[in-house]
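# Observations on the three-dimensional arrangement
What follows is the residue order along each chain.
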Amino acid sequence: AQSVTQPDIHITVSEGASLELRCNYSYGATPYLFWYVQSPGQGLQLLLKYFSGDTLVQGIKGFEAEFKRSQSSFNLRKPSVHWSDAAEYFCAAVPTGTASKLTFGTGTRLQVTL
Amino acid sequence: DGGITQSPKYLFRKEGQNVTLSCEQNLNHDAMYWYRQDPGQGLRLIYYSQIVNDFQKGDIAEGYSVSREKKESFPLTVTSAQKNPTAFYLCASKAGFGVEQFFGPGTRLTVL
């Protein structure tokens, strides 16, 4: 079955430290991949997406993600975390070239300590 | 401003009552979606519609109903048959040939 896995439920980092959030997918072929961010009580905002091409994708708010086919991963990174980055982050995927629905991971809650 | 609106932000209902959540978009998107979010479970798809007057069940449709009479509107009714309706509900939309979905701000439903 197609699935998206976010192994870390909760991560705490200090402000200014680097961040990496993990995402693994299980699909027959490489899907389209997304990272969304959700502040408490709010909707989801798209951070970045990968369709094809360059495996390092730049997004908004200083985030980037690297697609690694060999590891079936699409990890989100940020070199220096700000307190305002505290939120829940969701990885999602949809099969390439279809109108299929998005499959979401269960999310990673990021806490930033000052 | 183009976007998706959901109203109300907070909704309280007594057990056994039906309740309808509103979702409106002015993005001219063809597809619209309803998700339910519970702590630790990510987002689960309730219903989706790819075109006016047509919709399909998602993964957890039992106890819910929808309609799509207008392109810009996709209301969700939570019926008394839904066993555990207290949750955060998110509406999303997508352009016809697009892939990424855009989300509304959500409605938190509490059934007392």
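Description of the structure in this document.

Quick notes on the rules
- Residues numbered from 1 in each chain as written.
- Chains lettered and ligands numbered in written order.
- Predicted model: local features only at pLDDT ≥ 70, side-chain atom pairs only at ≥ 80, totals over all residues.
- Heavy atoms only, no water.
- 1 Å grid on protein atoms, 1.4 Å probe; cavity = no way out; pocket = protein on both sides within 12 Å on 5 of 7 lines; lining within 4 Å.
- Points joined across faces, edges and corners; volume = space filled by probe spheres on them.
- Helix = DSSP H or I, 4+ residues; strand = E, 2+ residues; numbered from the N terminus.
- Nonpolar A, V, L, I, M, F, W, Y, C, P; charged D, E, K, R; others polar.
- Phe/Tyr/Trp six-rings, centres within 6.5 Å; stacked < 30°, edge-to-face > 60°.
- Buried < 20%, exposed > 50% of the residue type's maximum accessible area, 1.4 Å probe, protein only.
- Lys NZ or Arg CZ within 6 Å of the ring centre and 35° of its normal.
- Core = buried A, V, L, I, M, F, W, Y, C linked by side-chain atoms within 4.5 Å.
- Salt bridge = Lys/Arg side-chain N within 4 Å of Asp/Glu carboxyl O.
- Disulfide = S-S within 2.5 Å.

## Side note on the layout of surface pockets
Rolling a probe over the atoms, with the probe sized like a water molecule, indicates the empty space that remains. There is about 370 Å³ of room inside the largest pocket. Residue lining of the largest pocket: 22 residues in total, with Glu88(A), Arg109(A), Gln37(B), Pro39(B) and Gly40(B) positioned closest to the centre. For the lining of the largest pocket, the elements supplying multiple residues, two or more each, are strand S10 (87-94) of chain A together with strand S9 (87-94) and strand S11 (107-111) of chain B. Partitioning the lining of the largest pocket into residue classes produces 7 nonpolar, 11 polar and 4 charged.

## A few points about the packing of aromatic side chains
Throughout the structure, instances matching the rule amount to 16 aromatic pairs over all chains. Judged by centre distance (4.6 Å) and plane angle (55°), the rings of Tyr32(A) and Phe51(A) are tilted. Of this pair, Tyr32(A) sits in strand S5 (residues 32-38) while Phe51(A) sits in the loop between strand S6 (44-50) and strand S7 (56-58), placing them 19 residues apart in sequence. Taking relative accessible area as the criterion, Tyr32(A) reaches 15% and is therefore assigned buried. Considering the side-chain rings of Phe104(A) and Tyr35(B), the 5.6 Å spacing of their centres and the 85° angle between planes classify their relative orientation as edge-to-face. Taken together, the residues Phe104(A) in strand S11 (residues 103-104) and Tyr35(B) in strand S4 (residues 31-37) connect one chain to another. When its relative accessible area of 10% is taken as the criterion, Phe104(A) is described as buried. Among the aromatic residues, those joined into a ring-pair cluster are Tyr32(A), Phe34(A), Tyr36(A), Phe51(A), Phe104(A), Tyr33(B), Tyr35(B), Tyr48(B) and Phe103(B). Over the ring of Phe74(B) we find Arg68(B), and its NZ or CZ is 6.0 Å from the ring centre.

## Here we look at the nonpolar core
All names here are of chain A. Within the largest apolar cluster, 27 residues are counted, with the highest numbers of intra-cluster contacts made by Leu 19, Trp 35, Leu 47, Leu 48, Phe 74, Leu 76 and Tyr 89. When residues of this core are traced back to their parent elements, those giving at least two are strand S2 (10-14), strand S3 (19-21), S5, S6, strand S8 (64-68), strand S9 (73-78), S10 and strand S12 (108-113). At 4 residues, the largest contribution of residues to this core is made by S10.

## Examining the pattern of salt bridges
All names here are of chain A. Counted according to the given criterion, the structure contains 10 salt bridges over all chains. Linking Asp 8 and Arg 22 is a salt bridge whose minimum nitrogen-to-oxygen distance equals 2.9 Å. Linking Asp 8 in the loop between strand S1 (3-5) and S2 with Arg 22 in the loop between S3 and strand S4 (24-26), this pair joins segments that are 14 residues apart in sequence. Linked by salt bridges that have partners in common, Glu 64, Glu 66 and Arg 77 make up one network.

## Examining the state of the cysteines
The full count for this structure, using the stated rule, is 2 disulfides over all chains. The residue that forms a disulfide with Cys23(A) is Cys91(A), at a sulfur-sulfur distance of 2.0 Å. Note on the Cys23(A) and Cys91(A) pair: the S-S dihedral is about -65°, so by sign convention the disulfide is left-handed. With a gap of 68 residues between them, Cys23(A) in the loop between S3 and S4 and Cys91(A) in strand S10 connect regions that are remote in the sequence. By the burial criterion, Cys23(A) is buried, and Cys91(A) matches it. Each disulfide pairs two cysteine sulfurs, and for Cys23(B) the partner residue is Cys91(B), the sulfurs being separated by 1.8 Å. One quick way to see it: the torsion about the S-S bond of Cys23(B) and Cys91(B) is about -70°, and its sign makes the bridge left-handed. Here the residue Cys23(B) occupies a position in strand S3 (residues 19-25), and Cys91(B) occupies one in strand S9, the gap between them amounting to 68 residues.

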